[in-house]
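One-letter residues, chain by chain:
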Amino acid sequence: MLVHSQRMPTDDASLLAACRDHGLKATPQRVAILRALRESHGHPGPEQIHAVVTRDLPSLSLATVYKTLDVLEAHGVIEEVTLKADSKRYDGNLAPHHHAVCVRCKGIVDIDDDAVARAMPAVPDGFRVAYARLQILGVCAKCADGETDHATTSSDAPSGDRS
């Protein structure tokens, strides 16, 4: 029930269209950052994305990654998924879904929207829901089992960046 398996496409045509459809020029930096985010198996932060993208674009600065993520988020290409008192995290999966968040390791796991929709509370008459996001806070299985050093191997590391 918890894992949302739908992934956003990462082929060149889809990445270029994602930028252009949102009124953005499809620069090599934007495409590479969007690809790294969409290929991640979680919700990486700018530093994790930077580590992946600089393998192909070694001169790309961390500041450019931050600025590009802000632009992509402002134009609706990606979503920011940030916890209180945590650094920014991003989600390239724009399909309707929600999140289960571990309060110990800060891991984020997608929850299928259909499972949550069945439990969604009623809204007042005449109220039109434009967007709903649910974050369920708790302790993941690894933290509950006492593992303390799994944050770097969590599902939030971009692909190819697992320790």
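Further up the page is the structure itself.
Calculation rules
By convention here, each chain's residues receive numbers from 1 onward along its written sequence. Reporting of local features is limited, given that this is a predicted model, to residues whose pLDDT is at least 70; pairs of side-chain atoms are given and counted only at 80 or more, and all residues count toward the totals for whole chains, interfaces and linings. The basis for every side-chain value is the complete set of non-hydrogen atoms in the structure, without hydrogens or water. Pairs of cysteine sulfur atoms within 2.5 Å are identified as disulfides in what follows. What counts as an axis is a line fitted to C-alpha atoms, over the stretch in contact for a helix, and the angles between N-to-C directions run from 0 to 180 degrees. Where helices and strands are cited, they refer to DSSP runs of H or I of at least four residues and of E of at least two residues respectively, numbered from the N terminus. In these notes the angle categories are as follows: under 35 degrees is roughly parallel, over 145 is roughly antiparallel, 65 to 115 is roughly perpendicular, and the rest is oblique. By the convention used here, residues are in contact when the closest approach between their heavy atoms is within 4.5 Å. Nonpolar residues are Ala, Val, Leu, Ile, Met, Phe, Trp, Tyr, Cys and Pro. Charged residues are Asp, Glu, Lys and Arg, and all others, Gly as well, are polar. Patch building starts from residues that exceed 30% relative accessible area and form no salt bridge, then joins like charges within 9 Å and nonpolar side chains (Val, Leu, Ile, Met, Phe, Trp, Tyr) within 5 Å. Only the protein chains shown count as cover for residues, and all accessible areas are computed by the Shrake-Rupley method using a 1.4 Å probe. Salt bridges are defined as contacts in which a side-chain nitrogen from Lys or Arg sits within 4 Å of a carboxyl oxygen from Asp or Glu. When accessible area is computed with a 1.4 Å probe and restricted to protein chains, residues below 20% of their type maximum are described as buried, those above 50% as exposed, and intermediate ones as partly exposed. By this definition, two strands are paired if DSSP reports at least two bridges between them. Each crossing gets its handedness from the near helix: less than a right angle anticlockwise from the far helix is left-handed, clockwise is right-handed.

So, the state of the cysteines
Now for step 1: Per the stated rule, a full pass over the model turns up 0 disulfides.
Now for step 2: The structure places no disulfide on Cys 105, whose sulfur is separated from the nearest cysteine sulfur, that of Cys 102, by 3.6 Å.

Describing the packing of helix α2 (residues 28-39) against helix α4 (residues 62-74)
Now for step 1: Viewed as axis vectors pointing N to C, α2 and α4 meet at an angle of 80°, and their least axial separation amounts to 10 Å. By the angle between their directions, the pair α2 and α4 is classed as roughly perpendicular. Note on element contacts: α4 touches α2 through Thr 64, Val 65, Thr 68, Leu 69, Val 71 and Leu 72, opposite Arg 30, Ile 33 and Leu 34.
Now for step 2: Along the lines of polarity and charge, the residues of the contact of α2 with α4 split into 6 nonpolar, 2 polar and 1 charged.

Regarding a nonpolar patch on the surface
Now for step 1: Together, Val 103, Leu 137 and Val 139 make up a nonpolar patch on the protein surface, roughly 260 Å² of accessible area in all.
Now for step 2: By relative accessible area, which is 57% here, Leu 137 ends up exposed.

A look at the sheet that holds strand β3 (residues 97-102)
Now for step 1: Taken together, 3 strands build an open sheet; the order of strands is β4-β3-β5 and the sheet is mixed. Of all strands in the sheet, those with a lone pairing partner are β4 (108-112) and β5 (135-138), marking the two edges. Shown here is a sheet whose adjacent strand axes are inclined to one another by a mean of 25°, direction ignored.
Now for step 2: Relative to β4, β3 runs antiparallel, the two being bridged by 5 bridges. Within β4, the residue paired with His 97 across the bridge is Asp 112.

A word on the packing of helix α1 (residues 12-21) against α2
Now for step 1: Viewed as axis vectors pointing N to C, α1 and α2 meet at an angle of 110°, and their least axial separation amounts to 10 Å. Put simply, α1 runs roughly perpendicular to α2. As α1 runs across α2, the sense of the crossing is right-handed. Judged by residue contacts, Asp 12, Ser 14, Leu 15, Leu 16, Ala 18 and Cys 19 of α1 engage Arg 30, Val 31, Leu 34, Arg 35 and Arg 38 from α2.
Now for step 2: For the contact of α1 with α2, the residue count by class is 6 nonpolar, 1 polar and 4 charged.

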